[in-house]
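Architecture and fold: a report
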Amino acid sequence: MTDPISRDTLAQLVGLTPRRISQLVAEGVIPKLAHGKYEQNSAVQAYIAYVDGRSSNKDDPDKLSLEKERARKTHAEANIAEMQAAKMRGDLVEADELKSALELVMSEVKTKLLNNVPTRIAARSKAERKEAAIKSIAKEEIAVALEALASTNPADLVEDC
């Protein structure tokens, strides 16, 4: 092991500024012994390895960026093709179509439960005086409405959209 050298001396050896040496130390490229001291051989060898790796094509940041962008584009195009195929198979629907279909289904639920059921309960319970009998009629009418909703095919409601 040689005697430790200063940052300024190391900078002169490798042809960099002292500031750049500090940056390379912060990046973990050049090892540091103590405050402002470096082991000459290991510091120079680390810098040479850094420059050698940086100059190879596989580590070229522009090339990496271009390769990443091409991969991202290819991935996006594949996703679009998969979505188009799923839509053609009927496995994928547009959000607006789904929203319209849900609005129709909810409208049907509202009509059956809020409009039809109370009317039917009122008509059937006019002659009843006992609370238990009225509750029974209400449960029966709600069950009938729910069964009708359960047997309704949502696709039948949406076909007219």
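In every chain, residue numbers begin from 1 and rise along the written sequence. Only residues with pLDDT of 70 or above have their local features reported here, since the model is predicted, and side-chain atom pairs are shown and tallied only from 80 upward, although totals for entire chains, interfaces and linings are computed over all residues. Think of the side-chain values as coming from all heavy atoms in the structure, minus any hydrogens and water.

Some remarks on the packing of helix H1 (residues 7–14) against helix H2 (residues 18–26)
For any two helices packed against each other, one specifies the inter-axial angle together with the distance between the axes. Put simply, the test is: Working convention: axes come from line fits to C-alpha atoms, limited for helices to the stretch in contact. Angles between N-to-C directions cover 0 to 180 degrees. Secondary structure elements are taken from DSSP: a helix is a run of H or I of four residues or more, a strand is a run of E of two residues or more, and numbering for both begins at the N terminus. An angle below 35 degrees is treated as roughly parallel, one above 145 as roughly antiparallel, one from 65 to 115 as roughly perpendicular, and anything else as oblique. Contacts are residue-level and defined by heavy atoms, with any inter-residue pair within 4.5 Å sufficient.
Where H1 contacts H2, the axes come no closer than 8 Å and their chain directions differ by 100 degrees. With respect to H2, the element H1 is oriented roughly perpendicular. In this structure, H1 contributes Arg7, Asp8, Leu10, Ala11 and Val14 to the contact, and H2 contributes Pro18, Ile21 and Ser22.

Re the nonpolar core
Where we set the bar: What we call a nonpolar core is a set of buried Ala, Val, Leu, Ile, Met, Phe, Trp, Tyr and Cys residues that are connected through their side-chain atoms within 4.5 Å. Categorising residues by exposure relies on relative accessible area from a 1.4 Å probe, with only protein chains included: less than 20% of the type maximum marks a residue as buried, more than 50% marks it as exposed, and the intermediate range marks it as partly exposed.
Within the largest apolar cluster, 12 residues are counted, these being Ile5, Leu10, Ala11, Val14, Ile21, Leu24, Val25, Val29, Ile30, Tyr38, Ala43 and Tyr47. Looking at this core, the elements with two or more residues in it are H1, H2 and helix H3 (40–55). Here Ala43 is in contact with Leu10, Ile30, Pro31 and Tyr38, once residues within four sequence places are set aside. Counting five residues, the second-largest nonpolar core is a separate cluster that includes Val117, Ile121, Ile137 and Ala138.

Focus on helix H6 (residues 131–150)
Test applied: Each residue after the first adds 1.5 Å to the expected span of a helix.
Compared with an ideal rise of 1.5 Å per residue, which puts 20 residues at 28 Å, H6 spans 28 Å between its outermost C-alpha atoms and is within 8% of the ideal. Buried-residue contacts for H6 involve helix H5 (95–125).

Regarding the confidence of the model for the protein chain
As a reminder of what qualifies: Scored from 0 to 100, pLDDT reflects the predictor's confidence in each residue.
Per-residue confidence for the protein chain gives a mean pLDDT of 84, with 89% of residues at or over 70. The least confident element of the protein chain, judged by mean pLDDT, is helix H7 (residues 154–158) at 69; the most confident is H2 at 92.

Focus: the pattern of salt bridges
So the rule is basically this: Whenever a carboxyl oxygen of Asp or Glu lies within 4 Å of a side-chain nitrogen of Lys or Arg, that contact is scored as a salt bridge.
One pass over the structure, following the stated rule, counts nine salt bridges. The shortest N-O distance in the salt bridge between Glu94 and Lys87 comes to 2.7 Å. For Glu94, a relative accessible area of 41% gives the class partly exposed. We classify Lys87 as partly exposed; its relative accessible area is 39%. Arg120 serves as the salt-bridge partner of Glu141, at 2.5 Å between the closest nitrogen and oxygen. Taken as a pair, Glu141 in helix H6 and Arg120 in helix H5 lie far apart in primary sequence, 21 residues in all. On the basis of relative accessibility, which here comes to 4%, the residue Glu141 falls in the buried class. For Arg120, a relative accessible area of 44% corresponds to the partly exposed category.

Description of the packing of aromatic side chains
Here is the rule we go by: The rule is short: rings of Phe, Tyr and Trp, with Trp giving its six-membered ring, pair when the centres are within 6.5 Å, and they are stacked under 30 degrees, edge-to-face over 60, tilted in between.
Counted according to the given criterion, the structure contains one aromatic pair. With a centroid separation of 6.3 Å and an interplanar angle of 35 degrees, the aromatic rings of Tyr47 and Tyr50 are classed as tilted. Residue Tyr47 and its partner Tyr50 are located together in helix H3, separated by three residues, close to a single helical turn. Judged by its relative accessible area of 14%, Tyr47 is buried.

Things to note about the environment of Ile21
Within the secondary structure, Ile21 sits in helix H2. C-alpha of Ile21 to C-alpha of Ala11: the two residues are 10 residues apart in sequence and 6.3 Å apart in space. If sequence neighbours within four positions are ignored, Ile21 has contacts with Arg7, Leu10, Ala11, Val14, Leu16, Ile30 and Tyr38.

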